[in-house]
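# Fold and contact review
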Amino acid sequence: MQNKLLYGAEYYIEYMPYDRLSEDIRLMKEAGINCIRVGESTWSSMEPQEGVFDFSELRRVLDACSEAGISVIAATPTYAIPGWLAQKYPDILAETSSGRLLYGKRQTMDITNADYLFYAERIIRKLMEHTAGHPAVIGYQLDNETGYYDAAGEHIQQLFTVHLRQEFHGDLNRLNQALGLSYWSNRIDSWENIPDLRGAVNESLRAEFDAFRRAEVTRFLAMQAKIVREYLREDQFITHNLSLFWNGDTYGFNPDVDEREIGKIVDVCGIDIYHPAQDDLTGMEIAFGGDLARSVKRKNYLVLETQAQGFPGWLPYDGQLRLQAFSHFASGADMVEYWPWHSIHNGPETFWKGVLGHDLKVNDTYRTVKQIGQELSMLSGHLHHLKKKNRTAFVICSRSRKGLDYFPMNISAGEDKSIGYNDVLKKIYRQLYFLNVECDFVWPDSESLEEYDLLIVPALYVAEDIFTKRLSDYVRKGGHLLGTFKTAFADKYLKVYHDGHPHGLRDCFGMSYSNFTLSRGAALLGNGTAVKKEGRRVTGFMELLEPADAQVLASYDHPAWKKYAAVTENVYGSGTAWYLGCDCEDGVIRDLLIYILSACGLYKEGQEEFPVIVRRGKNMLDKEIRYFLNFSGKEQRVHPDWQDGLELLSQTRSGKGTDLLLPPWGVKIIETDGNS
Amino acid sequence: MQNKLLYGAEYYIEYMPYDRLSEDIRLMKEAGINCIRVGESTWSSMEPQEGVFDFSELRRVLDACSEAGISVIAATPTYAIPGWLAQKYPDILAETSSGRLLYGKRQTMDITNADYLFYAERIIRKLMEHTAGHPAVIGYQLDNETGYYDAAGEHIQQLFTVHLRQEFHGDLNRLNQALGLSYWSNRIDSWENIPDLRGAVNESLRAEFDAFRRAEVTRFLAMQAKIVREYLREDQFITHNLSLFWNGDTYGFNPDVDEREIGKIVDVCGIDIYHPAQDDLTGMEIAFGGDLARSVKRKNYLVLETQAQGFPGWLPYDGQLRLQAFSHFASGADMVEYWPWHSIHNGPETFWKGVLGHDLKVNDTYRTVKQIGQELSMLSGHLHHLKKKNRTAFVICSRSRKGLDYFPMNISAGEDKSIGYNDVLKKIYRQLYFLNVECDFVWPDSESLEEYDLLIVPALYVAEDIFTKRLSDYVRKGGHLLGTFKTAFADKYLKVYHDGHPHGLRDCFGMSYSNFTLSRGAALLGNGTAVKKEGRRVTGFMELLEPADAQVLASYDHPAWKKYAAVTENVYGSGTAWYLGCDCEDGVIRDLLIYILSACGLYKEGQEEFPVIVRRGKNMLDKEIRYFLNFSGKEQRVHPDWQDGLELLSQTRSGKGTDLLLPPWGVKIIETDGNS
Amino acid sequence: MQNKLLYGAEYYIEYMPYDRLSEDIRLMKEAGINCIRVGESTWSSMEPQEGVFDFSELRRVLDACSEAGISVIAATPTYAIPGWLAQKYPDILAETSSGRLLYGKRQTMDITNADYLFYAERIIRKLMEHTAGHPAVIGYQLDNETGYYDAAGEHIQQLFTVHLRQEFHGDLNRLNQALGLSYWSNRIDSWENIPDLRGAVNESLRAEFDAFRRAEVTRFLAMQAKIVREYLREDQFITHNLSLFWNGDTYGFNPDVDEREIGKIVDVCGIDIYHPAQDDLTGMEIAFGGDLARSVKRKNYLVLETQAQGFPGWLPYDGQLRLQAFSHFASGADMVEYWPWHSIHNGPETFWKGVLGHDLKVNDTYRTVKQIGQELSMLSGHLHHLKKKNRTAFVICSRSRKGLDYFPMNISAGEDKSIGYNDVLKKIYRQLYFLNVECDFVWPDSESLEEYDLLIVPALYVAEDIFTKRLSDYVRKGGHLLGTFKTAFADKYLKVYHDGHPHGLRDCFGMSYSNFTLSRGAALLGNGTAVKKEGRRVTGFMELLEPADAQVLASYDHPAWKKYAAVTENVYGSGTAWYLGCDCEDGVIRDLLIYILSACGLYKEGQEEFPVIVRRGKNMLDKEIRYFLNFSGKEQRVHPDWQDGLELLSQTRSGKGTDLLLPPWGVKIIETDGNS
């Protein structure tokens, strides 16, 4: 990896209305841009006809960058196929449960199709041949936001059959039992008779198919990595840009990939982060995406894409773009790349604007980029490779994500609305973020699990015995655990456990439940400390907890359910386990978190809160860095309790007793004196 | 039929996570469960591979039941086909207007497909061979909630062509004229040129296709009955579980079956009733479904499925499950079966919970079932085979149901929302139910039509001459009739009558109309008795009635329509006919019903009302039974005006002058002294 | 053309439930109906089997009309094909991006299909042979509301390939560049490899395909015209009924046809106008459709279809039907035809009611028609062929319409809702209509452009250089121009201009912009004259205007955007150009229009306003006609400032100083004394 912060944008020479390469390079250089990304999605420019290759334009970009001292990350162009390829091999286009996809959009292929793989390999090799030796190229991005695109055609189903045989050791009874296929007469009693998955309604079967296809995504990227590594120089790296779940913005985890498995393939984790802006800018999505990317390989990461302007409705207010950039670095990013450099003049992303507007002239956005670029040039040595040592972690899991897609919580409710995995996770994450408690993400089999002071396990619908055992042990030996409703409900195959809930954790939480319902206006009766005595609303799904050893922090204020607990606390061995049994308003989560964090020594009364966001880490000089980020349009005053240091952006001294003034959407960075 | 009330649940040994048959039998026996249902939807367990049959598990259940004295209703498993069958004969899967259905869900087959019928017959015969002789088996259920699943493929279209030729005696001109096919150039002038029905937009043609497919449902069940009867013992019966229209709960009539025709095939009518619960429990759907099932064969019926817990949001409050059970018996049910016994651990119905929760342990629901079971054991002789003699009936009709699906009333309105047949019917039914006036359902060709004091004819869009004549005669000879808007508008083929409306009933109602519009805030100007003078809102569709002999009970309070009547009353011969010309708020219907019922001697001022529901009948001891059902969470006090009797549940005396106290969601049953 | 006003209805003898031709003719004659339309959509009656023709019924109608002195417009029946044709040539049914259309609906064919064209030509020739010589027939309508029905099958794609080769002179690079096909790897580098258009996501390619298909519509109608003209008598005319965009009513321009190109084919322009009614009747849609139809050929036009009763919710209030009829004539119509004569008794339009109701008897609607018919007979010489000389025109464009379909303005907004071309256009048109300023429509290449005092250019997304130059020149030489946001943004192929916006008009408007966003509650800070100082809301999309020479009429009241202008005025040469930079509430548009119209001498303070609508023109007697139309349910008093004249309907004198009383939904027509 480079020994400095990288800053830049995606550059599409292919989409430019006229030749302005030298002008763009000049503007970039002037702005302090030191790294661009090229190539993803331009296969038809590299290979306009079958077997006819043209890397001349790309080479022109590399040469110009080289001369200007700008680095380049080149992406394999495999996520958008040329028309001639689709026409010659129609089977490359994925067949989904709604039929064969038509050519036109990106990400429409069956990534297991042999013809696709043949041509993908060839274009990757050609790209590597033409670029791997170029001095400007510092690394490669494999494909782009890879997924499996709901491909469910004959070929991928055949692969899945092979997978099932292996998974169940050729034992059909085991298959039928594990996936509960007797239901609605869906038994499979011959390997030749696996029905077309596209009509499957058995969520156990579908979830296994999903897991298999997530693994295919990993295999596909591993195949690309293998090819790329044949050509890779020692000083070059491999990355991939993970995408989050898209819901108008990047909302929560993407259920279609196994982030950590992909992390094992690449040298450095990359991620794409798009978020609400203007009055809705909170920095939460930046922190969330950053925490994920950092956690995948437990080291610094690259923001391979983020918005410069984005949608018309996201045009940044004065100060916001700079605040966003430093927020990424505050989370541990080593690079921020805007998408794209120039606003594209046609196509579906015409109104997803870049650094430059459609007029390709210097504008406010560019001017801000330039300011940021200059500050980064100056401060790179102080800010890059920021190390974090967080004491709180969320345990997350792909199978749970998918499980709660299939079984949403408030189904048929008259409740606020149905919620899924990401909703529960983000509801808690948001309050933690607002309280300025930094966290990591871990997986049920992460080695580091026991290192944390507090583990938060939100709606971990799927929990295998080995994990619930581990979690119990963690608490027993002194750990702190916050679990929520819907945790440890089903096994790996989405079969609900039949021995009571939460499965494997009843001792640990000191309670159990077998019933759950929806709130219909129920409120909470709190104990007055962890949960307010009155006035807190349950907003949907609620489990009717029956405490054994646990202490009741809140029960339900509803004539039918008043005998049940809603929130519990249980001392278990040397540790403590809290359980939140219902979907409730944000205030409950906030209060409960403060109560728990205080008990864990992770929260101090009066500490800064949103809209002032504080992020910490240790820099390469072994000094402590504190970012103060003002996510509001009003000036904020921060009362310092830290040791003396230097505010890096203004190069002014700062210390105890002197208030820090943050302008609207402003940022300050303190490097404390002395090593930490 | 059995000489006692039957009580139980659907039992799926096939879906159990482990072998616990003896435990389940023990729990059931202890709870007073005396009848379970088995088999529907488990074809792939009975015939895991083509021609390989396995009834061992089912036999184990039968044997265990036999030993425990529990009866069994076995269902033919034909409504969910095994995967191998779909794979061998892809044409079995129905082709609908949205394409061929994919394998996975239940109820996806073309029930006229010859291959399906061959395999269906074979599995039914195997089932009968293995079970008909078993002492535990008291009856058989044919298939399950049978419909035609929108099948519209080539084969069923060919059958339809044959049907059309017969219906129109091979006369194409008659066909074109009757179905109005000249419209949009859709004429058919050769029997070879009947176009693909899947694209048909002519509602007359579509409605005939629907009627034909409803008849195919009947034929399919008749075919099953014929096979089953070959094996049936004299002491065994045949039933089928009709389903109501599903709209989140069981809402109104199912437009895809002819209930009464199916009734002719079975020995006893069965029905599935699911309904809102918790604060939304009114008992209305229980009464509605019960009245239908009882009317189909004019005798007692079986509730083959109803919810124990149902959706998470339906978890019953304390008392509700018991109230529901007795409400079924109060409507004339001879059996109540919960669906299912145990909460299933995977698949689409994972969160449709049974008597037992996922933990398969004794829970509150089971404890309530046990209480009910014990009460039923004690009272069966007093409660079973309850006979009713209602004096009010609704006239209903499949073709009208479908007609108003095709021509919804408030189309393109800014009105409350578009309404159909079931909406109009249930709006009136609900008020009648709230007023504690029990009723039957009859069909235009029911023999019993003239037996009733009051016939209610809601939105009977399709009315043939023979029926309107009969209705007129009924009124003329002293009957009472309440008709609503959209009654007698079109002929059998949905062709609007061209001689004015309501067709064939203008003399009877003493008015006519040729215009109709939507309310746009119009109110009613009532006569002050049947309809309040002011303040009543028209909520959508409104006919502009022009009275001839009729008296105006309400007219429209709108500058443009004030000259038209909205509600009329007409003395016709020795009877009276009322007509409600517009969709209006519930209060209008309530007041009008009280006015009409009083005139018919069917209502007494001050009689009990919802939330206290009163149901009556005569038991096998020839004594009068009165159920008092409290559909509220508050205690209710009932002022008795009936003769002395015994409250059966508490075995306490009750009589005139002594108030009856109904606890929240409580029930009391009075058996009056002396024969009625 | 006929020398009188034509008045009538569509007559379907084919759909009549029984033979009542003579009765209908009698009723029509009595009502003053002097022209009916026949034939569209009845191909299967004319040719019930392939090659078997039957015009006997049609001839019966023509003969009866002839005898009664009623004229007939016959329509070619090609827009609804017979079932036998679809069955023999399945490819005739259009293949759209959602698959092959099924037979049943009208307008489902691929109008470029050779088999379809063969049979269409044959039935047209047969129709002409049987009717062209008939004295009753005064003209022919080509097809009916022709479009391209989203046809995108293989054949039309082949034609499109030929078109692309021509359009780009066989130069693939030019194609790729012009349509920006490098984006997402969509380059086409071989004419054999043009991918299936049905999956296309590149809006530039799709817009060109749309334009090509609009041209196919024109070609198809030209082909029909050519055939018809072979038989046409000198005294007969050709017309076609344009349809507007349908959105529950006729809302704005139809993006699927080039109205003006179709206008070149026909002798007289026809149009179908359906509009909201009852309390929602404003006359706006009548004026809008009329202004379009009149502008297409710059002469009088025919209203070939309009509602008599329409939907149930449109049943006219007393007076409305008459008001509507005279509103059409006030806009320059020479004919009004209701659709249909009789309410059809089955099919999808059963509840789209005609002059007669389903009972086919004399009713209120018929009685009103009769009154209108008699007034028209009396006044025809005074009202027909009304000539207008408007001074204001809207510039409209098909490519812009489509462009803003693809790129709606408030995308991903939390704004009022996303708006498109028709929304912007109609928002301004509505205020102009309310202010009683009559206008024409013109196209960018209309010869007459420079004749107008004021040109309004709303959201003209696509603007070619030749047009922006012309517009600039127009202003420079003294013209007045009002442009709005999104004008001159992209070239013909929807490629955004890369030299700044508004392209080619920055000097003319004296401002430019490169950024735009969404309002999020922004308000306007007006100058107090053209725009109120405070309280005016921006309702969505907003451009951030940077004035050069322009004067700021309003800027944005939002902390982030206060430095930008929202509305500008620029004196350019001898003319003035105004620019409205944001979507805003109606009050802004109204005030701005009054300001601009006053500046142009097109508005006088105190002039009549909606709900009194005033329309003017010169009649064939060279006298000025003024219509006063009361679009309200309340009496209106008009203060005349015109010279003395005769109120034609009442035949009473009228003049300066004498108030004109308009009854609710009433109409008065003044013919001023002396020639104008």
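Residues numbered from 1 in each chain as written. Chains lettered and ligands numbered in written order. Predicted model: local features only at pLDDT ≥ 70, side-chain atom pairs only at ≥ 80, totals over all residues. Heavy atoms only, no water.

## What about the overall build of chain A?
This is how it is decided: To qualify as a helix, a DSSP run of H or I must reach at least 4 residues; to qualify as a strand, a run of E must reach at least 2; elements of each kind are numbered from the N terminus. Both definitions apply: the radius of gyration is a C-alpha atom measure, and the globule rule equals 2.2 Å times residues to the power 0.38. Think of it in three bands: residues with accessible area under 20% of the maximum for their type are buried, residues over 50% are exposed, and the middle band is partly exposed, with areas taken using a 1.4 Å probe on protein chains only.
Across its full length, chain A holds 17 helices and 30 strands. In summary, chain A has a C-alpha radius of gyration of 26 Å against a globular reference of 26 Å for 676 residues, a match within 12%. Along the longest, intermediate and shortest principal axes, the C-alpha atoms of chain A span 75 × 75 × 40 Å. With 676 residues in all, chain A has 68% of them scored as buried.

## Looking at the sheet that holds strand E1 (residues 6–10) of chain C
Residue and element names in this part refer to chain C. The condition is simple: Should DSSP find at least two bridges between two strands, the strands are regarded as paired. To define axes, lines are fitted to C-alpha atoms, for helices over the stretch in contact only, and angles between the resulting N-to-C directions are given on a 0 to 180 degree scale.
One closed barrel holds the eight strands; their spatial order is E1-E2-E3-E6-E7-E8-E9-E10, and the pairing between them is parallel. Strand-to-strand twist of the sheet, defined as the mean angle between neighbouring strand axes without regard to direction, takes the value 25°. Pairing analysis gives four bridges linking strand E3 (residues 71–75) to strand E6 (residues 137–141), with the strands arranged parallel. Residue pairing for E6: Val72 is matched across the bridge by Val137.

## A word on the relation of the copies chain C and chain B
Counted only if it meets this: To superpose the copies, least squares is applied to the C-alpha atoms of every residue with a pLDDT of at least 70 in both.
In screw terms, the move from chain C to chain B is a rotation of 120° and a rise of 0.0 Å along the axis, fitting with an RMSD of 0.0 Å. When the rotation and shift are considered jointly, the pair of chain copies conforms to a three-fold rotation axis.

## A word on the interface of chain C and chain A
Note the cut-off: Note on contacts: a residue pair qualifies if any of its non-hydrogen atoms lie within 4.5 Å across the two residues. Buried area is a sum: the accessible area each of two parts loses on coming together, probed at 1.4 Å, counted once for each and added. Any carboxyl oxygen of Asp or Glu that lies within 4 Å of a side-chain nitrogen of Lys or Arg is treated as forming a salt bridge with it.
Contact with chain C, which involves 49 residues of that partner, is made by 49 residues of chain A. Interface area for chain C against chain A, summed over the two sides, is near 4100 Å², with a carbon-plus-sulfur share of 55%. Among the residues of chain C in contact with chain A, Tyr183, Trp184 and Arg520 of chain C are the three that bury the most area, contributing 19% of the side total. Counting across the chain C and chain A interface gives two salt bridges.

## Structural notes on the packing of helix H14 (residues 421–434) of chain C against helix H17 (residues 586–600) of chain C
Residues and elements named next belong to chain C. Here is the rule: Every angle not falling under 35 degrees, over 145, or within 65 to 115 is termed oblique; those three ranges are roughly parallel, roughly antiparallel and roughly perpendicular. For a crossing to be left-handed, the near helix must be turned anticlockwise from the far one by less than a right angle; the clockwise case is right-handed. Each residue is assigned to one class: nonpolar for Ala, Val, Leu, Ile, Met, Phe, Trp, Tyr, Cys and Pro, charged for Asp, Glu, Lys and Arg, and polar for all the others, Gly among them.
At a minimum axis distance of 9 Å, the contact between H14 and H17 shows a crossing angle of 60°. Comparing their axes, H17 and H14 come out oblique. The element H14 and its partner H17 pack so that their crossing is right-handed. Here Lys427, Ile428, Gln431 and Leu432 of H14 come into contact with H17, specifically with Asp586, Ile589, Arg590, Leu593 and Leu597. Within the contact of H14 with H17, the residues separate by chemical class into five nonpolar, one polar and three charged.

## Details of the pairing of strand E21 (residues 565–572) of chain B
Walk down a regular strand and you will see the side chains alternate between the two sheet faces. Residue and element names in this part refer to chain B. With respect to burial, E21 is a largely interior element, seven of its eight residues being buried. In the sheet, strand E20 (residues 551–557) pairs with E21 via four bridges, with the strands oriented antiparallel. Across the sheet, residue Ala554 finds its bridge partner in E21, namely Val567. In this structure, E21 lies alongside strand E22 (residues 575–580), joined through six bridges in antiparallel fashion. Bridged to Asn570 within E22 is Ala577.

## With respect to the sheet that holds strand E6 (residues 137–141) of chain B
Residue and element names in this part refer to chain B. The eight strands are arranged E1-E2-E3-E6-E7-E8-E9-E10 in a closed barrel whose pairing can be described as parallel. Mean inter-strand twist for the sheet, computed between neighbouring axes without regard to direction, equals 25°. Summarising the sheet, strand E7 (residues 237–243) and strand E8 (residues 268–273) pair through five bridges and their orientation is parallel. Considered in E8, the bridge of Ser243 is made with Asp272. Its contacts with the sheet put helix H10 (residues 284–297) on E7, E8 and strand E9 (301–307), and the angle it makes with E8 is roughly 160°.

## Regarding the state of the cysteines
Quick note on the threshold: Throughout, disulfides are identified as pairs of cysteine sulfur atoms within 2.5 Å of each other.
Enumeration according to the criterion identifies zero disulfides over all chains in this entry. There is no disulfide at Cys600 of chain A, and the cysteine sulfur nearest it, in Cys508 of chain A, is 13 Å away. Just so you know, Cys397 of chain B is unpaired, no disulfide at all, and the nearest cysteine sulfur is the one on Cys439 of chain B, 17 Å from it. Overall, Cys397 of chain B belongs to the buried group, its relative accessible area being 9%.

## Let's talk about the pairing of strand E9 (residues 301–307) of chain C
Residue and element names in this part refer to chain C. For clarity, the threshold we go by: By convention, a crossover is right-handed whenever its connection, traced from the first strand over the helix to the second and viewed with the strands pointing away, goes clockwise.
Most of E9 is tucked away, with seven of its seven residues classed as buried. Both strand E8 (residues 268–273) and E9 contribute to a ladder of four bridges, which runs parallel. Paired with Asp272 across the strands is Glu305, a residue of E9. Where the polypeptide runs from E8 across helix H10 (residues 284–297) and back to E9, its parallel neighbour, the crossover connection is right-handed. Bridge analysis of E9 against strand E10 (residues 333–339) gives five bridges, and the strand direction is parallel. Considered in E10, the bridge of Thr306 is made with Tyr338.

## Some details on the packing of aromatic side chains
Selection criterion: Here a Phe, Tyr or Trp ring, Trp counted by its six-membered ring, pairs with any other such ring whose centre lies within 6.5 Å, and the pair is stacked when the planes are under 30 degrees apart, edge-to-face when over 60, and tilted otherwise. Charges are assigned to positions over rings by a cutoff of 6 Å between ring centre and Lys NZ or Arg CZ, combined with an angular limit of 35 degrees from the ring normal.
Scanning the entire structure with this criterion turns up 127 aromatic pairs over all chains. Ring geometry for Tyr461 of chain A versus Phe489 of chain A: centroids 5.7 Å apart, planes at 25°, classification stacked. With Tyr461 of chain A in the loop between strand E13 (454–457) and helix H15 (465–476) and Phe489 of chain A in the loop between strand E14 (480–484) and helix H16 (506–509), this pair connects stretches of sequence that are 28 residues apart. Owing to a relative accessible area of 1%, Phe489 of chain A belongs among the buried residues under this scheme. Grouping aromatic residues by their ring pairs yields a cluster made of Phe407, Tyr461, Phe485, Phe489, Tyr513, Phe516 and Phe541 of chain A together with Phe351 of chain B. Across the ring face of Phe516 of chain A, the terminal group of Lys353 of chain B is positioned such that the distance to the ring centre comes to 4.2 Å. Here the guanidinium or amino end of Lys486 of chain C rests over the ring plane of Phe516 of chain C, the centre of that ring lying 5.2 Å away.

## Digging into the interface of chain C and chain B
Going by this rule: N or O atoms within 3.5 Å of each other form a polar contact, as long as, within protein, one can give a hydrogen and the other can take it, and as long as residues adjacent in sequence are counted only when both atoms are side-chain atoms.
In this assembly, 49 residues from chain C lie in contact with 49 residues from chain B. Buried area between chain C and chain B, summed over both chains or domains, comes out near 4100 Å², and the portion from carbon and sulfur atoms is 54%. Of all residues in chain C, Tyr103, Asn346 and Phe351 of chain C give up the largest surface area on contact with chain B, accounting jointly for 15% of the area buried on that side. Across the salt bridge formed by Asp364 of chain C and Lys563 of chain B, the nearest N and O atoms sit 3.1 Å from each other. Viewed at the interface, chain B and chain C are joined by 27 residue pairs in polar contact (both at pLDDT 80 or more).

## Observations regarding the domain arrangement of chain A
Residues and elements named next belong to chain A. Test applied: What counts as a domain boundary in this text is fixed by an automatic or database domain assignment.
Parsing chain A into structural domains produces domain 1 (392–599) and domain 2 (612–672). Taken over C-alpha atoms, the centre of domain 1 sits 35 Å from the centre of domain 2. Between domain 1 and domain 2, the contact holds four residues from the first and six residues from the second. Of the roughly 510 Å² buried at the junction of domain 1 and domain 2 (both faces included), carbon and sulfur atoms supply 39%.

## A short note on the pattern of salt bridges
With the rule as written, the count across this model stands at 153 salt bridges over all chains. The salt bridge partner of Glu208 of chain B is Arg399 of chain B, with a shortest N-O separation of 3.0 Å. Taken together, the residues span a long stretch of sequence, with Glu208 of chain B in helix H8 (residues 203–231) and Arg399 of chain B in helix H13 (residues 398–406) at a distance of 191 residues. The same class applies to Glu208 of chain B as to Arg399 of chain B, namely buried. Three or more residues are tied together by salt bridges with common partners; here these are Asp91, Glu95, Arg100, Asp196 and Arg198 of chain A.

## Concerning the side chain of Ser327 of chain B
Tracing the sequence through the fold places Ser327 of chain B in helix H11 (residues 320–330). Setting aside anything within four residues of it in sequence, one finds Ser327 of chain B in contact with Ile286, Leu629 and Phe631 of chain B.

## Digging into the packing of helix H6 (residues 154–167) of chain B against H8 of chain B
The packing of two helices is summarised by the inter-axis angle and the distance between the axes. Residue and element names in this part refer to chain B. Look at H6 against H8: their axes get within 10 Å of each other, and the N-to-C directions meet at 105°. Accordingly, the angle class assigned to the pair H6 and H8 is roughly perpendicular. The segment H6 lies against H8, with Ile156, Gln157, Leu159, Phe160, His163, Leu164 and Glu167 engaging Leu205, Glu208, Phe209, Phe212, Arg213 and Glu216. A class-by-class count of the residues in the contact of H6 with H8 yields seven nonpolar, two polar and four charged.

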